[in-house]
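Working through the structure, step by step
Chain by chain, the residues run as shown.
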Amino acid sequence: MALDSKQVLDTREFKVVGTRVLRPDGVDKVTGKARFGADITAPGMLVGLVLRSPHAHAKIKSIDTSAAEAMDGVHAVVTAADFPNIELDDFTADVRDNCLAGAKALYDGHAVAAVAASSNHIAKKALKAIKVDYEVLDHVTDVDEAIKPGAPVLHEGGGNESVPEGSSPNIMARYEFGHGDIEAGLKKADRVLERSYKTEATHQGYIEPHACLATMGPDGQADLWCCTQGHYMVRNTCAAILGLDQGQLRVTASEIGGGFGGKTTVFLEPVAMMLAKKSSRPVKMVMTRSEVLRATGPTASSSVDIRIGMTKDGRITAAAAELRYQGGAYAGSPVEFGAMSAFAPYDLENVQTIGWDVVTNRPKQAAYRAPGAPMAAFAVESAIDELAKGLGLDPLEVRLKNAAREGTVASYGPTYPAIGLEATLRTAKDHPHWTAPLGENQGRGVACGFWFNFGGDTCVSLNITPDGTVTVSEGNPDIGGSRASMSMMAAEELGIPYEKVRTIVADTGSLGQNEVTDGSRVTFAVGLATIEAARAAKREMCKRAAMVWGIEPEAVEWKDGAAHPAGPNAGTHPPMSLAEIAEIASNTGGPIAGHHEANPEGAGVSFATHMVDTEVDPETGAVKILRYTVFQDAGKAVHPDYVEGQFQGGAVQGIGWALNEEYIYGEDGVLQNAGFLDYRIPVASDLPMIDTVILEIPNPGHPYGVRGVGETSIVPPLAAIANSVSAASGVRMTDLPMSPPKVLKAIQDQ
Amino acid sequence: MSKIHVTTKINGDPTEFLCEPDETLLDVLRDRLGMTGSKEGCGTGDCGACSVTVNGRLVCSCLVLGAEADGVEVATIEGMADGDQLHPLQRKFIEHAALQCGICTPGILVAAKSLLETNPNPTEEETRYWLAGNLCRCTGYDKIIRAVMEAGKEMREAS
Amino acid sequence: MVKVKIWGSLAAFTDDQREVEVEASTLRELLQGLGTSYPGLKPQLERGVSVSIDGRIYNDSWFQPIEPESEVVLLARLKGG
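Residues numbered from 1 in each chain as written. Chains lettered and ligands numbered in written order. Predicted model: local features only at pLDDT ≥ 70, side-chain atom pairs only at ≥ 80, totals over all residues.

Our focus in this paragraph is the overall build of chain A. Scanning chain A from terminus to terminus reveals 20 helices and 26 strands. Taking 750 residues into account, the globule formula puts the C-alpha radius of gyration at 27 Å, and chain A, at 27 Å, falls close to it. Of all 750 residues assigned to chain A, the portion counted as buried reaches 62%. (Helix = DSSP H or I, 4+ residues; strand = E, 2+ residues; numbered from the N terminus. Rg over C-alpha atoms; globule rule 2.2 N^0.38 Å. Buried ≥ 20, exposed ≤ 12 C-beta atoms within 10 Å, placed from the backbone.)

Along its length, chain C carries 2 helices and 5 strands. From first element to last, N terminus to C terminus, chain C shows the α and β order β-β-α-α-β-β-β. Computed over its C-alpha atoms, the radius of gyration of chain C comes to 12 Å, within 12% of the 12 Å expected for a compact globule of 81 residues. Principal-axis analysis of the C-alpha atoms gives chain C an extent of 35 × 25 × 20 Å. With 81 residues in all, chain C has 44% of them scored as buried. Considering only contacts within chain C whose residues lie at least 6 apart along the sequence, 48% involve residues at least 24 apart. (Contact = placed C-beta atoms within 7 Å.)

This part takes up the interface of chain A and chain C. Each partner contributes to the interface: chain A provides 38 residues, whereas chain C provides 22 residues. Of all elements in the fold, only strand E7 (171-179) and helix H10 (335-341) of chain A reach the threshold of two or more residues within the side of chain A that touches chain C. In terms of residue count, E7(A) provides more of the side of chain A that touches chain C than any other element does, 5 residues in total. Considered class by class, the residues forming the side of chain A that touches chain C number 16 nonpolar, 13 polar and 9 charged. (Nonpolar A, V, L, I, M, F, W, Y, C, P; charged D, E, K, R; others polar.)

So, on to the sheet that holds strand E11 (residues 249-253) of chain A. Two orientations exist for strands paired in a sheet by backbone hydrogen bonds: parallel and antiparallel. Residue and element names in this part refer to chain A. Taken in spatial order, the 7 strands make up an open sheet running E3-E5-E1-E12-E9-E10-E11, and their pairing is mixed. The open sheet has two free edges, formed respectively by strand E3 (74-79) and E11, since each of these has just one partner strand. Taking each pair of neighbouring strands and ignoring which way they run, the sheet shows an average axis angle of 20°. Of the strand pairs in this sheet, strand E1 (residues 46-52) and strand E5 (residues 111-117) are connected by 6 bridges, and their pairing is antiparallel. Residue pairing in the sheet places Val-50 in a bridge with Ala-114 of E5. Contacts between helix H8 (residues 269-279) and the sheet are confined to E1, E3, E5, strand E9 (211-216), strand E10 (222-226) and strand E12 (283-286), with E9 contributing the most and set at about 35° to the helix. (Pairing = 2+ DSSP bridges. Axes fitted to C-alpha atoms, helices over the stretch in contact; angles between N-to-C directions.)

Before going further, it helps to examine the interface of chain A and chain B. At the junction of the two partners, chain A supplies 42 residues and chain B supplies 42 residues. Listing elements by their share of the side of chain A that touches chain B, those giving two or more residues are helix H1 (26-31) and helix H18 (640-659) of chain A. Looking at which element gives the most residues to the side of chain A that touches chain B, the answer is H18(A), with 7 residues. Among the residues making up the side of chain A that touches chain B, the classes are represented as 21 nonpolar, 14 polar and 7 charged.

Attention now moves to the confidence of the model for chain C. Here chain C averages 92 in pLDDT, while 100% of its residues score no lower than 70. For this predicted complex, the interface score ipTM comes out at 0.98, alongside a pTM of 0.96. (pLDDT = per-residue confidence, 0-100.)

Here we take up the sheet that holds strand E13 (residues 301-310) of chain A. All names here are of chain A. Taken in spatial order, the 5 strands of this open sheet run E7-E15-E14-E13-E8, and their pairing is mixed. Edge strands, defined here as strands with exactly one partner in the open sheet, are E7 and strand E8 (191-199). Strand after strand, the sheet turns through a mean of 10° between neighbouring axes, direction not considered. Strand direction decides the pairing type here: E13 and strand E14 (residues 316-326), joined by 10 bridges, are antiparallel.

Let's shift gears to the nonpolar core. All names here are of chain A. By size, the foremost hydrophobic cluster in this structure holds 323 residues, and its most contacted members are Val-115, Leu-224 and Val-271. Here this core takes 14 residues from helix H16 (residues 522-549), the largest share from any one element. The residues touching Leu-224, leaving out its near neighbours within four places in the chain, are Cys-212, Ala-214, Val-234, Cys-238, Leu-249, Val-251, Glu-269 and Met-273. (Core = buried A, V, L, I, M, F, W, Y, C linked by C-beta atoms within 7 Å.)

Right, let's get into the packing of helix H7 (residues 231-242) of chain A against H8(A). Residue and element names in this part refer to chain A. Taken N-terminus to C-terminus, the directions of H7 and H8 make an angle of 55°; their axes are 9 Å apart at the nearest point. By the angle between their axes, H7 is oblique relative to H8. Of the two elements, H7 crosses H8, and the hand of that crossing is right-handed. Residues Val-234, Cys-238, Ile-241 and Leu-242 of H7 touch H8, and the partners they reach there are Glu-269, Pro-270 and Met-273. A breakdown of the residues in the contact of H7 with H8 according to their chemical character gives 6 nonpolar, no polar and 1 charged. (Parallel < 35°, antiparallel > 145°, perpendicular 65-115°, else oblique. Left-handed = near helix turned anticlockwise from the far one by under 90°.)

What follows covers helix H3 (residues 105-118) of chain B. The end-to-end C-alpha separation of H3(B) is 20 Å, in line with the 20 Å expected for 14 residues at 1.5 Å each. Burial within H3(B) is extensive, with 11 of its 14 residues counted as buried. Here H3(B) has its buried residues at B:Thr105, B:Pro106, B:Gly107, B:Ile108, B:Leu109, B:Val110, B:Ala111, B:Ala112, B:Lys113, B:Leu115 and B:Leu116. Summarising the contacts, the buried residues of H3(B) are in contact with H1 of chain A together with strand E3 (51-54), strand E4 (57-60), helix H2 (88-95), helix H4 (124-130) and helix H5 (142-158) of chain B. (Expected span 1.5 Å × (residues − 1).)

Okay, the environment of A:Gly589 next. Residue and element names in this part refer to chain A. Looking at the element boundaries, Gly-589 is found in the loop between helix H17 (578-583) and strand E23 (592-598). According to the C-beta neighbour criterion, Gly-589 is exposed, with 12 such atoms within 10 Å. Along the primary structure Gly-589 and Met-547 are separated by 42 residues, whereas in three dimensions their C-alpha atoms are 9.9 Å apart.

Time to look at the environment of A:Lys148. Mapping A:Lys148 onto the fold places it in the loop between helix H5 (143-146) and E7. In sequence terms A:Lys148 and A:Ser167 are 19 residues apart; their C-alpha atoms lie 9.5 Å from each other.

A few words on the pairing of strand E24 (residues 606-616) of chain A. All names here are of chain A. With 11 of its 11 residues buried, E24 lies for the most part within the structure. Side chains Ser-606, Ala-608, His-610, Val-612, Thr-614 and Val-616 of E24 all project onto a buried face; the interleaved residues Phe-607, Thr-609, Met-611, Asp-613 and Glu-615 project onto the opposite face, where all are buried too. Pairing analysis gives 10 bridges linking strand E16 (residues 442-451) to E24, with the strands arranged antiparallel. If you follow Gly-449 over to E24, its bridge partner there is Ala-608. With 9 bridges connecting them, E24 and strand E25 (residues 623-633) associate as antiparallel partners. Residue pairing in the sheet places Thr-609 in a bridge with Phe-631 of E25.

Within E13(A), 9 of the 10 residues are buried, which leaves it mostly tucked inside the rest of the structure. Connecting the antiparallel pair E13(A) and E14(A) is a turn made up of 5 residues, with A:Gly314 showing a positive phi of about 95°.

Quick look at unusual backbone geometry now. All names here are of chain A. Between Leu-736 and Pro-737 the backbone carries a cis peptide bond, its omega angle lying at 0°. Relative to the assigned elements, Pro-737 resides in the loop between helix H19 (717-729) and helix H20 (740-749). We note that Ser-280 has phi near 55°; this positive angle belongs to a residue other than glycine. Tracing the backbone shows Ser-280 in the loop between H8 and E12.

For any two helices packed against each other, one specifies the crossing angle of their axes together with the interaxial distance. Residue and element names in this part refer to chain B. Packing of H3 against H5 leaves a shortest axis separation of 11 Å and a crossing angle of 40°. Here H5 runs oblique to H3, going by the angle between their axes. H3 and H5 meet at a crossing whose hand is right-handed. On H5, the residues touching Ile-108, Ala-112 and Leu-116 of H3 are Ile-144, Val-148, Ala-151, Gly-152 and Met-155. Residues of the contact of H3 with H5, tallied by class, amount to 7 nonpolar, 1 polar and no charged.

Within H2(B) the residues assigned to the buried category are B:Leu89, B:Gln90, B:Arg91, B:Lys92 and B:Phe93. Check the buried side of H2(B) and you find it contacts H1 of chain A together with H3 and H5 of chain B. Positioned one or two residues after H2(B), B:Ala97 has a phi angle of 55°, which is positive.

This brings us to the environment of B:Val64. Residues and elements named next belong to chain B. Tracing the chain through its elements places Val-64 in the loop between E4 and strand E5 (73-75). Classification of Val-64 as buried rests on a count of 20 C-beta atoms within 10 Å. The spacing of Val-64 and Asp-27 is 37 residues in sequence and 9.9 Å in space, taken between C-alpha atoms. Residue contacts for Val-64: discarding those within four places in its chain leaves Thr-24, Leu-25, Val-54 and Val-59.

In structure tokens:
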């Protein structure tokens, strides 16, 4: 059932929600007992390894696996030709081609074959024995180069119906959003800024490489253990590619060592299943870090042109953006979300965004935290800052003056309900950080960010045990403490202590379909289903108490963890606690449970404002983050520690994106920095504490007012840091990352 | 390739194993001894998820050969708690929500324990530099640094 | 009749109208109506869309009621990370 818009917001005093309880998986994770993707084993398992293309773009003329197959200890070799010949939708067909290349290797690191052998040594030798006959083709890795006439073409005729005739064949889709008249609006401006910005691709950088273990019997039954953000997605995708019944494939999610969007698709799993089928043995596959960087999804790189007009007093009269995102070798860069979110924080009369989805010879992009939004915000928030400074205006005041609020028609179409942007801006303005003194070569920057959030298919099953404790089964891998939040919401609703509830992540055989852990949906949607499941259990428990008391169930109410007689004819029975009702469940109709299956819609949008101080070393161009404060609306913070953790983690990923992280390709189209030494994510010594201010503007779409918080926090940092660097050094950086050589050159050139 | 016979002590337990000459200590721990608490995030000594101590010295076990464990004492995350008594660092990590996904946690705990043994009263900056070899992608390090410093404080007060 | 705002690049399939009218009282009727009246929209509808109804975003719920005066906006299908 869809949540209807009349959902009553629970404004009671919370007892558990909002506290900082200990997470249930804490002990396992601090003692090394928690089992992550690579920690799963099976008796008799083989080692699976992947052979990858050394070329950025090449026709695969033939693959000779005979020598590898003949080796002792090699039990199976597979190529794309081993996939069953099944008609798939375009999206899944691309996923399959990315798992094992078909006609062409489309990027450095593209999987072309895989082996399963009795040891890692033998598997490595077998990879060397596979002979691939490549016809190397010209390649292109830059988004702007890819759409020039004469650029190497990845897929002839790949663009969809939105692409105008005569466009580059590397353009897959075009999106346009907005309203009003840009040219008329620009004429009203006192100052117009036209500026272009570029961002490099960055990787989600989860510390746990992809890993899985597959078994598959001749009876068509299969089991898969893997680290993923969504084991139901893994099941459905693998079943489609391999031609299995979804019900015959059981997928169990291990603990997951980070994902940030990068584990919302499959890379190894269908390959491991084919190897398991061919070898009749369990097959385990674990990627190396180099494979993770070369062949799993980074986010898109971008090239964005901005035009914004502003009056002398800071009102934006028109705002336009043209965004080009390359999402690697397949259609589907998140440019539409860039185009939809670019100006979402502002109330604009004239606004237009155009997005172009471009393919290049790079790995297929995967979602990365608020996919597509950070690059757009980098361009827009940098341009607004530059305009404000040029006009001698306060950048926070300018944002307040133009801020979207309830009733604003968003740049992507809808009219906003109550939203929290203005609150984040006002809180930022009143915060001591805003007026703290700065030293030489230091500067302060601010920027805003937005994300949509959504719900999606969700199942929760809540069981009352005979001793009156509670177990909750959910279908979403816990990536940052969500089991704690579910237990908290169940305890809150049932009126029992948090310690009496244990939440587990169930396998695909135990619950119905669950959307991936993404889109900042879990605390919102799974939380909502948990609350509804608890309410169903409460109704049943009230019924059981009514039976014992010999009164109507309607004359029983649930409060403080017990059934109470209520109303004029209910009598004066002493309350029956959850444990007392549970104890006699066998005598009153059998076990008690509540479950809820839904596709909750109505996730509330989320806004944040970030403030950052940097110091720029004029001699080296190095940028140091001195102070950082996140102001974000959480609707209702169920577990404030983990809300803060999301704010802090997102901000620091943004810091990495802004300052260090980039995919560096050589002339040969080969990735040059496929390791954590050269692909440098922020380390502890790079950073100060990340201060957070949680605002709570309830989301009317959730019974406790929860809105997703995970994604928005990566949207503002890129621009906030660029604006801070500009204030500190006088140079306006329009090309990310702002690595020392680039900043130094900009300083020297000014 | 013939295997090498290694006699070592892991978390105080006398241990013997056979390994290939080129096999890392991390692979031995994980694949031969079933001690999967040490994690492989990179295999190149950049992420610190496989941190262990060898004769008290903090190392990346992915950069140590299994054969090098012969005659030494190795300490891993599995040996950090004393029975059901968590080490103060382990407790503070849970209390401060210093982990989100938890994949980096074992390595960071081993490294932090080594820090507090070397320097029982580290400044925030010293803590940040000591842990600079341990990557965490979820937390932004804020709560990790707080947890380590709090654990240090508690351990100083207890001693 | 419900007024539906569509995004700019879809106007190529709606005779350049950025707002179209469809007879619909539910999300399902809306999506079917759009496809019938403007067949050029079908490929995008099949790839997936989200729909904002009075400021709230719906991805799938066919029987979500839509009032004649509701503000309805077609959006690219939302994904997350």
